[in-house]
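Here is how the chains run, residue by residue.
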Amino acid sequence: MAALTVQQIQTLFGQEAEARLTRLNQLLLELEGAAQDEGLIRSVFREFHSLKGSSAVAGLDEVSLLAHELEGLVEDLRCGRRQVTPDVIDRLLAGVDRLGVVIAGSSGDGGDVGTVPPRIVITEAAPHREAHSTVGVTSPQRGGPARSLIPATPPVPTRHPPLGTPRADATDAAAGGAVMVQMERLDELVGLLGEAAAAHLRVGRMLKDRFGVDPASCAEFNELSRSVNVLQDRVMRTRMVPVGTITDQLHRAVRDIARTQGKDIRWQVEGSDTEMDRGVLNQLSDSLLHLVRNAVDHGIESPDERAGNKAAQGTIRLHARQLGSEVIIAVSDDGRGINTQLVRERATRLGIDTADLSGDETLQLIFRSGLSTTAFVTDVSGRGVGLDVVKTNIEAARGRIEIHSELGSGTEFRIVVPITLAVLRCLVVEAGGHRFALPFHRVVLSQAHDPSRVTEADGRAMVWVDDQPVTVSTLVHTLGISDNGPSVGPIVVLTDTARRHAFQVDRLVGQRDVVLKGLSRLLPHLPAVAGASIEPDGSIFVVLDPPGLIGRARQLKRAIVPPPRPDSRHGPRRRILVVDDALTVRELQRSILQRAGFDVRVAIDGLQALSKLADEPVDLVLTDIEMPNMDGFALTTAIRAHSTLSNIPVLILSSRSSEADRQRGLDVGADGYIIKSGFDESDLLAAVNRLLGATA
Amino acid sequence: MEAVLLPVGAEVYAVPMESVREVVADPLITTLATAPRLVLGLFNLRGQIVPLFDTAALLGIGAVGAVNFAVVLQTPHGLAALAATGLPQRVLLETMTGVSELPGTIGAYRLGRRVAVLLDLAALLTPGSPGGRDRDVALPEGPG
């Protein structure tokens, strides 16, 4: 075997150093909250020591010298000659940053560590770490005695490495048996597997068409089906990384800014083992960084402001969890909250009419370009971009962002994104005899076309959606396809970054997970078309691009949509009461059901649910089990015992998965029982529709 | 040169044999909404989505009407198909007998008592503007 060249050695060192520097960042942040942990100190020492040795082998003397100095500093900690203080952590973190810069400038391939092709660490055991740590309250000591290479000043908040790529913990992974794989190889695998799955479907069709064999009765074909399905699942999983791969960098940002501003902040992470597609997490990382910086800078008050009113120590919490096919990442703080009056004043100055806006609607204004940048950006938290950019980036990852804030109590930003971009969840509709798929993340809701809600303004037909007028067009006219006369079908409300627009279709067909294929480069650019997908039966349907579709509709010659004929098939919207004490779950369910065209009410526990039912009965109750005051079992029992409510279907959606709980649910009179961990949007809607006796 | 003939109504066009991947009879076409007239739609060729172009519209001589066959071409930009109204046949084109006037064509060849016009695929099928004309996506008129 030929010896490695110096360049190859340095490239290898670059890869090793990247993992070690990530590890050092983690260890030092942990050490700050556990200053007496000798094991942590030893781990830090080992990392610097290994870096020193490897860099010497790679001929990178400056790196080796710097690692040696840092190792010496840690040796002082190990021997008790020096205590772990925020200042010492500052110096060590700054040293790690400096190492990164020096290594980037001296890697063998002429590039830097950051240019190493993105790769992923596949490991059997995902790192699981729930972080709770505290950031020091003392102001940083600037201008201390300088040593030759180790910066004595604390790290400047804006200087630490960008979050661009989620990193895997190579050291942890190595313990579980891991191998580095280039991302493009995984992408290639996904593509090939898609082709294999398509070929598999064709073989099934050929068996039936040419040989008259039902593929489902063929053991070999079924075995192949199972293998292809398992393989698809496993390959998809290789692209998944835990959210924890970026939380250390967020922690570092919180810590550094808090130190600079003299704030005492507790950083808390829950659900760091929640996995999602690396590409999605990558797209979110800058937005998350923006939100946590915002929380430190604008959210958490200074110690003087908090004194007397709140705990001196502020808390910033990142909570990730999977719900169905989506991941929800909430960034919350217990700071001052957003002053909606201030938002109104600034919006008014920008010419926005805020007279009729509710508190929640006013809060949404901070995502508007101009307003977000004037009101909520500083050099620290904004880096020149506003929340409008955060929103745009999240929408580019097919996600959405929601905000809840209470003046004086704090703010929570909630990001909801699909677990993977490999498949696109779509609402399939029919218009003019054609089927079209609409990406679900752009669908606000669908509802029956209610003539009483239609009005005319500015030469266009409008419908009322959430008490806001929304322009409505017919999909067939927008797409320029022939129709079969006035439609009586439902309306689907779509959104782009800034606007909502309703489209009348002939009917809703259902939901579908779509593997989106781009169209040929030989075709002209079609802004309203995102691509196409092949159905299992070999037919093709076109996936529309809602922003392009909205743009096209707005360019159309203004024309009032003909009023629909009354049709007995479309009655009033069905009402569903969602009962859950967890805000996130409650709002997600509300969102899913509203988009499916239901009129949704919510309650936070069984007692409130009963009170609301007494005021206004609904067509179905969807309830959690574990809730304060009155749980889901008791609520179901009470509904069944009630003289006028006893016929309302009750569907339980719970994280309790035991057979005993399911049986108890049925015993008290529930009509269905869905387990949250396996919960899927389509399952929920199918169960709801079944209980309501609805047809798709 | 070896070529494949594409009957388009009463006329016959030809494409070089080396560009032809296969011929599909009676393809199941999915209309591509908002596309210009020269795009007849998309069809599924064993898992690949192939655009089908109206040969007559590409040449600016009307429309093919019924699509009985799709001649699938391998281009530097991926697969594409041209519509033919009659069965495409493999022939040997010998001496060019004259120039052709239509843009996107190379010349005319004699085939017994008929004339076949050889298509210039590189000129007809260019990324983003097939046919070099009619590329703009027309907005439909509203009903009012």
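Relevant structure appears above.
A quick note: this is a predicted structure, and the numbers were derived from the prediction, not measured.

Caption draft 1: Highlighting the overall build of chain A. Looking only at helices and strands, chain A features 21 helices and 26 strands. Taking all 696 residues of chain A together, 50% fall into the buried category. A separation threshold of at least 6 residues defines the contact pool for chain A, and within that pool the share at least 24 residues apart is 70%. Summed over its atoms, the accessible surface of chain A is roughly 30,500 Å², and 51% of this surface lies on carbon and sulfur atoms.

Caption draft 2: Representation of the overall build of chain B within the structure. Counting its regular elements, chain B contains 2 helices and 11 strands. Each helix and strand of chain B, placed in order from N terminus to C terminus, yields the pattern β-β-β-β-β-α-β-β-β-β-β-β-α. Burial statistics for chain B: of 144 residues in total, 52% are counted as buried. Counting contacts in chain B only where the partners sit at least 6 residues apart, residues at least 24 apart contribute 55% of the total.

Caption draft 3: Quick look at the packing of aromatic side chains. Residues and elements named next belong to chain A. Enumeration over the complete set of coordinates arrives at 1 aromatic pair over all chains. Relative to Phe413, the ring of Phe367 has its centre 6.3 Å away and its plane inclined at 80°; by these criteria the two rings are edge-to-face. One end of the pair, Phe367, is in the loop between α12 (359–364) and α13 (371–375); the other, Phe413, is in strand β10 (residues 410–418), and 46 residues separate them in sequence. Like Phe367, the residue Phe413 is buried in the burial classification. Taking NZ or CZ as reference, Arg78 lies 3.9 Å from the ring centre of Phe45, over its face.

Caption draft 4: Geometry of the pairing of strand β6 (residues 69–75) of chain B. All names here are of chain B. Counting buried positions along β6 yields 6 of 7 residues, so the element is predominantly enclosed. Judged from the 5 bridges that link them, strand β3 (residues 20–25) and β6 form a sheet pairing that is antiparallel. Directly across from Val23, in β6, lies its bridge partner Val71. As paired elements, β6 and strand β7 (residues 78–84) share 7 bridges and run antiparallel to each other. Its bridge partner lying in β7, Gln74 is registered against Leu79. Between β6 and β7, which pair antiparallel and follow one another directly, the connecting turn spans 2 residues.

Caption draft 5: Examining the nonpolar core more closely. Counting residues in each nonpolar core, the largest one holds 67 residues, and the members touching the most others are Phe436(A), Leu475(A), Val15(B) and Phe53(B). Counting residues per element, this core draws most heavily on β7(B), which supplies 6 residues. Core analysis: the next-biggest nonpolar cluster, separate from the first, contains 47 residues, Met240(A), Val292(A), Ala320(A) and Leu357(A) among them.

Caption draft 6: Representation of the pattern of salt bridges within the structure. All names here are of chain A. As enumerated under the stated definition, the model contains 35 salt bridges over all chains in all. For Arg82, the salt bridge is made with Asp76, and the minimal N-O distance between the two is 3.8 Å. Note on Asp76: relative accessible area 17%, which makes it buried. Here Arg252 ties to Asp256 by a salt bridge, and the two come within 3.0 Å at their closest N and O atoms. Taken together, the residues span about one helical turn, with Arg252 and Asp256 both in helix α8 (residues 244–261) at a distance of 4 residues.

Caption draft 7: Representation of the sheet that holds strand β21 (residues 540–544) of chain A within the structure. Residues and elements named next belong to chain A. Strand order across the open sheet formed by 5 strands is β19-β11-β12-β21-β20, with mixed pairing between neighbours. Here the strands that pair on one side only, and so sit at the sheet edges, are β19 (507–514) and β20 (529–534). If you compare each strand with its neighbour and ignore which way they point, the axes differ by 30° on average. When strand β11 (residues 424–431) meets β19, the two strands line up antiparallel, connected through 7 bridges. Opposite Val429, over in β19, you have Leu508 as the bridge partner.

Quick notes on the rules
- The residue numbers shown here count from 1 along each chain, following its written sequence.
- The order in which chains are written sets their letters, starting at A; the order in which ligands are written sets their numbers, starting at 1.
- Predicted model: local features are reported for residues with pLDDT of at least 70 only, side-chain atom pairs are reported and counted for 80 or more only, and whole-chain, interface and lining totals are derived from all residues.
- Side-chain figures throughout are based on the complete set of non-hydrogen atoms in the structure, without hydrogens or water.
- Helix and strand assignments come from DSSP, with helices taken as H or I runs of at least 4 residues and strands as E runs of at least 2, each series counted from the N terminus.
- Relative accessible area decides the class of each residue, using a 1.4 Å probe on protein chains only: under 20% of the type maximum gives buried, over 50% gives exposed, and in between gives partly exposed.
- Residue contacts follow a heavy-atom distance rule, with two residues in contact if any of their heavy atoms lie within 4.5 Å.
- Methods summary: accessible areas were calculated by the Shrake-Rupley approach with a probe of 1.4 Å, and residue burial reflects only the protein chains presented.
- For this analysis, a ring pair means two rings from Phe, Tyr or Trp (six-membered ring only for Trp) whose centres lie within 6.5 Å, classed as stacked if their planes differ by under 30 degrees, edge-to-face if by over 60, and tilted for the remaining angles.
- Working rule: Lys NZ or Arg CZ, within 6 Å of ring centre, within 35 degrees of ring normal, means a charge sits over the ring.
- When DSSP locates at least two bridges between a pair of strands, those strands are taken to pair.
- Side-chain atoms within 4.5 Å link the members of a nonpolar core, which is a set of buried Ala, Val, Leu, Ile, Met, Phe, Trp, Tyr and Cys residues.
- Throughout this description, the term salt bridge denotes a Lys or Arg side-chain nitrogen within 4 Å of a carboxyl oxygen of Asp or Glu.
- The axes used here are C-alpha line fits, helices contributing only the stretch in contact, and every angle between their N-to-C directions lies in the interval 0 to 180 degrees.

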